[in-house]
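Listed below, chain by chain, are the residues.
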Amino acid sequence: MKRWEIEGIVELKDLELPNEEQLRKGVAIIECVQEIPCNPCVDACPTNAISMENINALPKIDYEKCIGCGKCIEVCPGLAIFVVKVNEKALISLPYEFLPLPKEGQKVKALDREGKEICDAIVKKVKKGKTPVITIEVPPQYAMEARNIRIA
Ligand code: SF4
Ligand code: SF4
């Protein structure tokens, strides 16, 4: 069994990841691994980058079509989509459903998929909506690990 089936924690080996060039431009990483009837991410995408064979299948992303707009993040009920852009620093856009929301410029702690603190992060953008989307900046080595925040 995979770890997500036992503990609910997704591992990188469960995912189809973008290449370095795609990460430089910024793309959505879909960490949706459970086959459930759900597809708002498909409908939200303005470039048709996300596809599904059927309503129960896992979403597949075409990283060449993805423009990193983040529209899929806020519609995902599973909070399973992140936009990751890696250059000298990494920018991670993530869904955040807690209140109060952080403020732009605020220093927070970045957490990994297990909820462990991994590094300091700076909040670069706060997009309010049904599901708020927070963009944080972290050192590039944490780009594939930082998936949540804790306000210190
Ligand atoms: S980030 Fe934008 S372009 Fe990329 S998959 Fe999501 S909605 Fe589509
Ligand atoms: S909206 Fe989220 S939970 Fe639903 S299929 Fe897309 S990625 Fe998975």
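The structure contained in this document is the topic of the report that follows. (Residues numbered from 1 in each chain as written. Chains lettered and ligands numbered in written order. Predicted model: local features only at pLDDT ≥ 70, side-chain atom pairs only at ≥ 80, totals over all residues. Heavy atoms only, no water.)

## Points about the site of ligand 2
Thought 1: Close to ligand 2 lie Ile30, Cys32, Cys38, Pro40, Cys41, Pro59, Cys76, Pro77 and Ile81, which account for all nearby residues.
Thought 2: One can see that ligand 2 is located within the largest pocket.
Thought 3: Of the residues that constitute the shell around ligand 2, the class distribution is nine nonpolar, no polar and no charged. (Near = heavy atom within 4 Å. 1 Å grid on protein atoms, 1.4 Å probe; cavity = no way out; pocket = protein on both sides within 12 Å on 5 of 7 lines; lining within 4 Å. Sits in = over half its atoms within 2 Å of the grid points. Nonpolar A, V, L, I, M, F, W, Y, C, P; charged D, E, K, R; others polar.)

## Concerning the site of ligand 1
Thought 1: As a structural note, the neighbourhood of ligand 1 is formed by 14 residues, with Cys45, Cys66, Cys69, Gly70 and Cys72 the closest of them.
Thought 2: For ligand 1, the cavity whose grid points lie within 2 Å of the majority of its atoms is the largest cavity.

## Section: unusual backbone geometry
With the exception of glycine, the majority of residues adopt a negative phi angle, and the majority of peptide bonds are in the trans configuration.
Thought 1: Cis geometry is adopted by the peptide bond preceding Pro100, which originates at Leu99 and carries an omega value of 0 degrees.
Thought 2: With respect to the helices and strands, the residue Pro100 is situated in the loop between strand 5 (90-95) and strand 6 (107-111).
Thought 3: With a phi angle near 55 degrees, Asn48 is a residue other than glycine that sits in the positive phi range.
Thought 4: Along the chain, the position of Asn48 falls in the loop between helix 3 (40-44) and strand 2 (50-51).
Thought 5: Judged by its relative accessible area of 56%, Asn48 is exposed. (Helix = DSSP H or I, 4+ residues; strand = E, 2+ residues; numbered from the N terminus. Buried < 20%, exposed > 50% of the residue type's maximum accessible area, 1.4 Å probe, protein only.)

Just distances and angles here, no functional claims.
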